[in-house]
Amino acid sequence: MKQAGSILVVDDNPDILVAMQLLLKQHYQTVVTTDNPFDIGKTLNEQQIEVILLDMNFNRDAISGQEGFYWLKKIIAQDPSVVVVLMTAYGDIKLAVDAIKAGAADFIAKPWRNEQLLAVIAAAFSHARDKQQVGKLTRQTKGLNQALSGQKFDFLGQSAAMQAVFYTIEKAAKTDANILITGESGTGKELAAHAIHLASKRSEQAFISLDMGAIAASLFESELFGHKKGAFTDAKADRVGRFELAHGGSLFLDELGNLPISEQTTLLAALQNRQITPIGGIKTIDVDIRLICATNDDLPQAVRDNRFRQDLLYRINTVEIRLPPLRERVDDIPLLATYYLDHFSHKYKRQLTIAPEDMRALCRYTWPGNVRELAHAIERAVILTDDDVLDIRSVVGTELAQLNVATNAFELGKGGSTTHDNDYDTFNLETLEQRAVRAALKHHQGNVSQAAKALGLTRGAMYRRLDKYGL
Ligand SMILES: Nc1ncnc2c1ncn2[C@@H]1O[C@H](COP(=O)(O)OP(=O)(O)OP(=O)(O)O)[C@@H](O)[C@H]1O
């Protein structure tokens, strides 16, 4: 039965062209032949060709295959989605290997056996469709990235600590070095990853991100490397993995500290070889990616606890960027508060200002949820304020009620607020965080989403904390 598909056969031997035409016509809708390789460019411009069967030698006495390589390069440059299969009467293994290295999908020796030729061509068509799908998805992702980057917040900071971060990002982004971003939840690790991508030479290509904490173990490999239809029960169609989608661009692996050891081993192998094989696939695929990872875990400690592979840590942290918590860069609070006040005033069509003493109160607060918490607090205040001056008491007051820590840490009110160190029975952040999580859950009667929102955490980050503290 004839299948959809268009193939171009290029060979200077007319007998071969006739034989190919007769054979392939029975199987594929469009079969075009030419004895002149100079026609290839024009044919590709005029009609959609998916597979090219290309002779390696166009001069009867030539055996080097150099002409084939020359035309192969030209084809790939003109249309990288076309799949090329090379043919030669002088096949040897070295030539075949060189052909594949140069970008050919496969290689067949003349004289051929029909079944073998048809099998090679069928595989070439399947490869061509995969390439078309990847091209389509990459274009879609690019569009999506652009749409999303329109909504992204600016990555701001005027403190010395953030200026140092921006400097490192600028320097490291220009190289292809693997970058590890560390920092507490809400410090801007994802924004930093975007900033690195945008400052890199890959900025026009895809930025693909994956939250490692959110993928089920059973889907890990499929998510990263893709799968072929039928590879397992639920594999109803081919799926392109994140590595392949990120080809040419940047791959951002978030929450890396949550990865189980067995999956770390799989990831390490892919990173070392820069090659992946989709589940159920037979061919390895080269991937050219810039890797950016992020974690709020202490990975060297995780290595000591045997929770994280040391060789994986060395592989991903060529450059490490630590995002300081907001309480260590109080200078940034007015800048960020004003930025988010403008943003949410605009969003909710309000015209609001903030009183200087309230700004000072914001600067004294410790912001355990960092910038995310600050942005949420401002948004809430914009919504709750009735007059023209932001009612920050409702925000900081709510924050304290929910945190249930150091109830008297702030004297609320427009007259200013004061923090008393003595109000803390401990400064251990983990203990404070655990209390805050418990208090928020209690306050919201066990509603995880609301408690997460109040803490300025994503649901994923909240669940990880529930897990961590055994709640
Ligand atoms: N420097 C900054 N300037 C402006 N907004 C920021 C900054 N840092 C963080 N934000 C805002 O705070 C929120 C959280 O940032 P982001 O998601 O990048 O943090 P994260 O460190 O990746 O958090 P998590 O570890 O919980 O995933 C976002 O809304 C982001 O826009």
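Because the structure is a prediction, the values reported are computed rather than measured.

## Quick word on the sheet that holds strand β2 (residues 28-34)
Here five strands make up an open sheet; going across it, the order is β2-β1-β3-β4-β5 and the pairing parallel. Here the strands that pair on one side only, and so sit at the sheet edges, are β2 and β5 (106-109). For this sheet the average axis-to-axis angle between neighbouring strands, irrespective of direction, equals 20 degrees. Relative to β5, strand β4 (residues 83-88) runs parallel, the two sharing four bridges. Bridged to V85 within β5 is D106. This element, helix α1 (residues 14-25), spans β1 (3-10), β2 and β3 (51-55) of the sheet and lies at about 175 degrees to β2. Against the sheet, helix α3 (residues 66-78) makes contact with β3 and β4, and its axis sits at roughly 160 degrees relative to β3, the strand it touches most.

## With respect to the UniProt feature "modified residue: 4-aspartylphosphate" (unreviewed entry) in the protein
Summarizing the sequence annotation, UniProt attributes the feature "modified residue: 4-aspartylphosphate" (unreviewed entry) to D55 in the numbering used throughout. Here D55 shows up in strand β3. Residues within four places of D55 in sequence aside, it is in contact with V10, D11, D12, G68 and M87.

## Here we look at the pairing of β2
By the bridge criterion, six bridges tie β1 to β2 in an arrangement that is parallel. Paired with V9 across the strands is T33, a residue of β2.

## Points about the site of the ligand
Taken together, 20 residues form the shell around the ligand, and within it S185, G188, K189, E190 and V371 come nearest. Elements that contribute at least two residues to the shell around the ligand include exactly α7 (189-198) and α15 (370-384). Here the shell around the ligand is composed, by residue class, of eight nonpolar, eight polar and four charged. Two domains share the shell around the ligand, each providing at least three of its residues, namely domain 2 (152-322) and domain 3 (326-468).

Definitions and cut-offs
Residues numbered from 1 in each chain as written. Predicted model: local features only at pLDDT ≥ 70, side-chain atom pairs only at ≥ 80, totals over all residues. Pairing = 2+ DSSP bridges. Helix = DSSP H or I, 4+ residues; strand = E, 2+ residues; numbered from the N terminus. Axes fitted to C-alpha atoms, helices over the stretch in contact; angles between N-to-C directions. Contact = placed C-beta atoms within 7 Å. UniProt positions renumbered as here; feature names shortened; annotations may be inferred. Near = placed C-beta within 6 Å. Nonpolar A, V, L, I, M, F, W, Y, C, P; charged D, E, K, R; others polar. Domains from an automatic or database assignment.

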